[in-house]
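# Fold and geometry: a report
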Amino acid sequence: MNRLLIETAASDYTFARSGSQWIGKCLICNGNLSFDEPTGVGANLEHIVPRSRGGTNDPSNLGVTHPSCNAEKGRNWDSRRGRQRHTVEEYQALLDRLLQRREERRRFPE
Ligand SMILES: [Zn+2]
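The structure contained in this document is the topic of the report that follows. What you are looking at is a predicted structure, and each value in this text was computed from that prediction instead of being measured.

### Considerations on the coordination of the zinc ion
- Summarising the metal site, the zinc ion is bound by the protein donors Cys26 (SG), Cys29 (SG), His66 (ND1) and Cys69 (SG), whose distances to it range over 2.1 to 2.4 Å.
- Around the zinc ion sit 4 donor atoms; with metal-centred angles ranging over 99 to 117°, the donor geometry is tetrahedral.
- Taken in chain order, the donor set of the zinc ion reads C-x2-C-x36-H-x2-C. As far as the burial class goes, His66 and Cys69 line up, both buried.

### Here's the deal with unusual backbone geometry
- Of note, the phi angle at Asn30 is positive, near 70°, even though the residue is not glycine.
- Assignment of secondary structure puts Asn30 in the loop between β2 (21-25) and β3 (32-36).

### Points about the pairing of β3
- Where β2 lies against β3, 5 bridges are found, and the strand directions are antiparallel. Within β3, the position partnered with Lys25 by the bridge is Asn32.
- Between the end of β2 and the start of β3, which pair antiparallel, lie 6 residues, with Asn30 showing a positive phi angle near 70°.

### Things to note about the sheet that holds β2
- Spatially, 3 strands are ordered β1-β2-β3 in an open sheet, and the strand pairing comes out antiparallel. The sheet terminates laterally at β1 (16-18) and β3, the two strands that pair on one side only. Each neighbouring strand pair of the sheet contributes to a mean axis angle of 30°, computed without reference to strand direction.
- Both β1 and β2 contribute to a ladder of 3 bridges, which runs antiparallel. Bridged to Ser18 within β2 is Gln21.

Rules and cut-offs
- Residues numbered from 1 in each chain as written.
- Predicted model: local features only at pLDDT ≥ 70, side-chain atom pairs only at ≥ 80, totals over all residues.
- Heavy atoms only, no water.
- Donors = N, O, S within 2.8 Å, 3.2 Å for Na, K, Ca; no water.
- Tetrahedral: all angles 85-135°; square planar, octahedral: opposite > 155°, others 65-115°.
- Buried < 20%, exposed > 50% of the residue type's maximum accessible area, 1.4 Å probe, protein only.
- Helix = DSSP H or I, 4+ residues; strand = E, 2+ residues; numbered from the N terminus.
- Pairing = 2+ DSSP bridges.
- Axes fitted to C-alpha atoms, helices over the stretch in contact; angles between N-to-C directions.

Pasting the structure below:
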């Protein structure tokens, strides 16, 4: 999973490597984020469309996020409780926003 985290950061133009750290912006809140490359500590790999809903490891579905943002989305949006709190349309709008942001930040290999 750490390899995917690094590949995802490398394909997001907001991220740059500095020593053993990757520094960039959280896909969900857009706030500053840094994580340690050897351990991955400081970030989570976000599946925009959750695996439980058929989301894959395709780069277009992955983002680097704060662990707290990743957890908040899981709890309040992706989970059963999230389905009670939000309409299907609100949930889909969130996923669409994140997929679009990921696409806008994509850095494709040359
Ligand atoms: Zn965040």
